[in-house]
Protein chains: 2
Amino acid sequence: MMQTNNYKNNKKNIPKATIGRLSIYHRCLDLLIETDSGREKDTISSAEISKLTGGISPDQIRRDLAYFGEFGKRGVGYPINELSAILKSILGSSKKWDIIIAGAGNLGKALLRYRGFQKRGFIIKAAFDSDDSKVGNKVNGVKIISANQMEDYIKEHNIRIGIITVPVEFAQEVADHMIAGGIVSILNFAPTTLKYPAYVKLNNIDISIELERLVYFLASRKNIRIK
Amino acid sequence: MMQTNNYKNNKKNIPKATIGRLSIYHRCLDLLIETDSGREKDTISSAEISKLTGGISPDQIRRDLAYFGEFGKRGVGYPINELSAILKSILGSSKKWDIIIAGAGNLGKALLRYRGFQKRGFIIKAAFDSDDSKVGNKVNGVKIISANQMEDYIKEHNIRIGIITVPVEFAQEVADHMIAGGIVSILNFAPTTLKYPAYVKLNNIDISIELERLVYFLASRKNIRIK
DNA sequence: TAGATTGTTAATCGATTAACAATC
DNA sequence: TAGATTGTTAATCGATTAACAATC
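Within any chain, residue numbers begin from 1 and follow the written order of that chain's sequence. The naming scheme follows written order: chains are lettered A onward, ligands numbered 1 onward. Owing to the predicted nature of the model, reporting of local features is limited to residues with pLDDT of at least 70; listing and counting of side-chain atom pairs is limited to 80 or more, with chain, interface and lining totals taken over all residues. By convention in this description, side-chain values take in all heavy atoms of the structure and omit both hydrogens and water.

1. Description of the packing of aromatic side chains
Each aromatic ring pair is summarised here by two numbers: the centre-to-centre distance and the angle between the ring planes.
Stage number 1. A pair of aromatic rings is counted whenever rings of Phe, Tyr or Trp (Trp by its six-membered ring) have centres within 6.5 Å, and the orientation is called stacked for planes under 30 degrees apart, edge-to-face for over 60 and tilted otherwise. By the definition in use, this model includes 10 aromatic pairs over all chains.
Stage number 2. Aromatic side chains Y114 of chain A and F117 of chain A sit 4.9 Å apart centroid to centroid with 80° between the ring planes, which places their arrangement in the edge-to-face category.
Stage number 3. With a 1.4 Å probe rolled over the protein chains alone, any residue whose accessible area is under 20% of its type maximum counts as buried; one over 50% counts as exposed, and the rest are partly exposed. Assessed through its relative accessible area of 2%, F117 of chain A is described here as buried.
Stage number 4. Arranged with centres 5.4 Å apart and planes meeting at 70°, the rings of F128 of chain B and Y153 of chain B form a pair that is edge-to-face. Of this pair, F128 of chain B sits in strand β4 (residues 122–129) while Y153 of chain B sits in helix α7 (residues 150–157), and the two are 25 residues apart along the sequence. Both residues of the pair, F128 of chain B and Y153 of chain B, belong to the buried class.
Stage number 5. Ring-pair connections join several aromatic residues into one group, and the members of that group are F68 of chain A together with Y216 and F217 of chain B. Counting from the N terminus, the helices are DSSP H or I runs at least four residues long and the strands are E runs at least two residues long.

In structure tokens form, the structure reads like this:
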């Protein structure tokens with residue numbers, strides 16, 4: 001009765017990294033479906049998916065899929081269209097998700113114009129900024145609203161997902177307002193550590209940290225061995 | 001003779017995640033140094049750093065630091081300024097790193113204006129775009145150059161780090177040119193799987209995948225347990 | 001049937017956490 | 001000295017890889 005999907009997902013401990021890889025499989029299959037119309041088989045083996053992903057092993061792929069059910073046939077492979085639909089369903093992108101963006105600066109605007117969202121079922125409902133000169137403008141059809149209306153907007157429209165692209169010094173305050181409004185999933189681009197209650201899911205994307213990780217390998221290429 | 005730093009770093013297997021955490025410690029210490037001028041002690045314990053990071057355990061912090069040397073005093077803690085300098089050195093940001101950006105679209109422009117780079121020792125030398133109407137313009141003081149000059153520019157200026165913000169369909173081609181020019185570290189924002197030789201280090205930042213990971217938790221909040 | 005390929009068990013590898021002796 | 005806190009060893013936990021029986 002509580003079960004909303006027809007794949008098993010409540011018995012095993014699923015590694016976090018698996019979810020990210022499912023997105024990759026989904027992306028690769030969709031690309032295959034779009035481009036390779038002359039394909040003779042309508043199934044695909046884990047070995048073939050492995051090649052599409054360019055690095056993830058067939059073992060890993062079978063293991064990841066097996067967490068959610070038995071989608072393949074032994075000796076045959078996985079049905080391409082069906083598997084794509086299953087992944088879509090697992091990842092939740094068969095639903096539509098309303099999101100908001102806090103901060104209509106350079107990064108915020110870049111996200112507002114990002115084409116990948118709609119395809120994956122994400123709909124940007126509004127952007128918020130404290131700069132009055134921006135308020136009222138539209139970017140890519142999305143209205144920029146005054147920051148102090150954000151919390152009410154979230155409540156009124158029942159938004160669950162927010163993206164933070166404000167400067168570091170406002171990030172905590174913005175996160176607090178989001179959570180107070182009812183948002184439970186946050187993607188944070190501000191390079192700082194935010195506090196939030198345990199029931200909220202928050203992922204950080206910190207471009208500086210990514211760059212420093214890269215540079216670490218450059219700096220110590222010769223005298224270090226990383227696992 | 002090959003040893004360029006005075007901290008040990010060539011004996012142990014260092015988890016990849018450690019490097020990302022070192023960046024966080026560094027950021028927290030720098031913030032402390034900047035803001036807390038009235039602090040009485042010039043040392044800090046792992047427990048205190050833990051609080052600043054908002055979640056990383058003291059055990060984890062000591063373990064991470066211990067991979068590189070013995071920087072603290074038992075019963076006392078770590079010298080703040082010294083530790084910050086050590087982290088900076090480990091992370092390579094005591095050096096200056098020249099970088100280029102391929103793609104001067106919305107995201108590329110956002111990065112060109114991103115203030116965090118300079119502080120961490122990253123200098124954007126140039127941006128490249130195939131759109132002639134953009135070529136010659138400057139964004140935040142950085143010149144936009146024609147894409148077909150990129151490879152030569154990399155060679156001439158001996159650039160080692162590149163950021164890809166071009167659309168998916170050009171990303172592989174751009175990566176190939178970067179690598180041909182001599183770039184060995186790439187941060188890729190294009191949501192696709194790129195091929196590259198083993199000596200190149202490439203990190204992906206895929207906003208869709210991050211959002212899908214968040215949504216996965218939303219979608220299955222009630223009937224799944226994630227490790 | 002024989003070959004292919006899954007799904008899963010067992011083995012390995014890697015990372016984190018707990019605990020505590022060392023020592024400031 | 002006694003209390004604090006590191007650095008490290010051992011234990012645990014988590015994720016990946018190898019291998020193969022099941023089966024299409």
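After that view, the rundown keeps rolling.
2. Describing the relation of the copies chain B and chain A
Stage number 1. Copies are brought into register by a least-squares superposition over C-alpha atoms of residues with pLDDT of at least 70 in both. Aligned on chain A, chain B shows an RMSD of 0.0 Å; the corresponding rotation is 180° and the shift along the axis is 0.0 Å. Given the turn and translation reported, the copies of this chain are related as if by a two-fold rotation axis.
Stage number 2. By the convention used here, residues are in contact when the closest approach between their heavy atoms is within 4.5 Å. An overlap of 98% is found between the interface residues of chain B and their copies at the interface of chain A, pointing to a shared contact surface.

3. Overview of the interface of chain B and chain A
Stage number 1. If you look at the interface, chain B gives 81 residues, while chain A gives 79 residues.
Stage number 2. By buried area we mean the combined loss of accessible area, with a 1.4 Å probe, across both parts when two parts are placed together. Where chain B abuts chain A, roughly 7200 Å² becomes buried across the two surfaces, and 61% of that area is made up of carbon and sulfur atoms.
Stage number 3. Take a side-chain nitrogen of Lys or Arg and a carboxyl oxygen of Asp or Glu: if they are within 4 Å of each other, that pair is a salt bridge. The tally of links from chain B across to chain A stands at 4 salt bridges.
Stage number 4. Notably, a salt bridge pairs R120 of chain B with E212 of chain A, separated by 3.8 Å at the nearest N-O pair.
Stage number 5. As used in this structure description, the phrase polar contact means that two N or O atoms lie within 3.5 Å; if the pair is within protein, one of them must be able to donate a hydrogen and the other to accept it, and residues adjacent in sequence are counted only when both atoms belong to side chains. Connecting chain B to chain A are 14 residue pairs in polar contact (both at pLDDT 80 or more).
Stage number 6. With 13 residues, helix α9 (residues 207–219) of chain B is the single largest residue contributor to the side of chain B that touches chain A.

4. Some remarks on the sheet that holds strand β7 (residues 161–164) of chain B
Residues and elements named next belong to chain B.
Stage number 1. Strand order in this open sheet of 7 strands is β5-β6-β4-β3-β7-β8-β9, and the pairing throughout is mixed. Both edges of this open sheet fall to β5 (138–139) and β9 (201–204), since each of them pairs with a single strand only.
Stage number 2. Strands pair, by our definition, only if DSSP identifies at least two bridges between them. For β7 and strand β8 (residues 185–188), the ladder comprises 4 bridges, and the chain directions are parallel. Directly across from I163, in β8, lies its bridge partner L187.
Stage number 3. Lying over the sheet, helix α8 (residues 168–181) contacts β3 (97–102), β7 and β8, oriented at roughly 170° with respect to β7. To obtain an axis, a line is fitted to C-alpha atoms, over the contacting stretch when the element is a helix, and the angle between two such axes runs from 0 to 180 degrees between their N-to-C directions.

5. Section: the domain arrangement of chain A
Stage number 1. Marked domain ranges trace back to an automatic or database domain assignment. By domain assignment, chain A separates into domain 1 (4–91) and domain 2 (97–209).
Stage number 2. Placing the centre of domain 1 of chain A and that of domain 2 of chain A at their C-alpha centroids yields a distance of 31 Å.

6. Looking at the sheet that holds strand β3 (residues 97–102) of chain A
Residue and element names in this part refer to chain A.
Stage number 1. With mixed pairing, the 7 strands of this open sheet are ordered in space as β5-β6-β4-β3-β7-β8-β9. The two strands at the open ends of the sheet, each matched to only one other strand, are β5 (138–139) and β9 (201–204).
Stage number 2. Lying over the sheet, helix α8 (residues 168–181) contacts β3, β7 (161–164) and β8 (185–188), oriented at roughly 170° with respect to β7.

7. A word on the pairing of β7 of chain A
All names here are of chain A.
Stage number 1. Here β7 shows a buried face lined by I161 and I163 and a second buried face lined by G162 and I164.
Stage number 2. Of the pairings in the sheet, the one linking β3 to β7 comprises 4 bridges and is parallel in character. In the sheet register, I100 faces β7, and the bridge partner there is G162.
Stage number 3. Between β7 and its parallel partner β8, the chain crosses via α8, and the hand of that crossover is right-handed. Look down the strands so they point away from you; if the path from the first strand over the helix to the second goes clockwise, the crossover is right-handed.

8. Describing the side chain of N203 of chain A
Stage number 1. Counting through the fold element by element, N203 of chain A comes out in strand β9.
Stage number 2. A residue is classified by how much of its surface remains accessible, and N203 of chain A, at 11% relative accessible area, is buried.
Stage number 3. One polar contact links N203 of chain A to E210 of chain B, side chain to side chain, over a distance of 3.4 Å.

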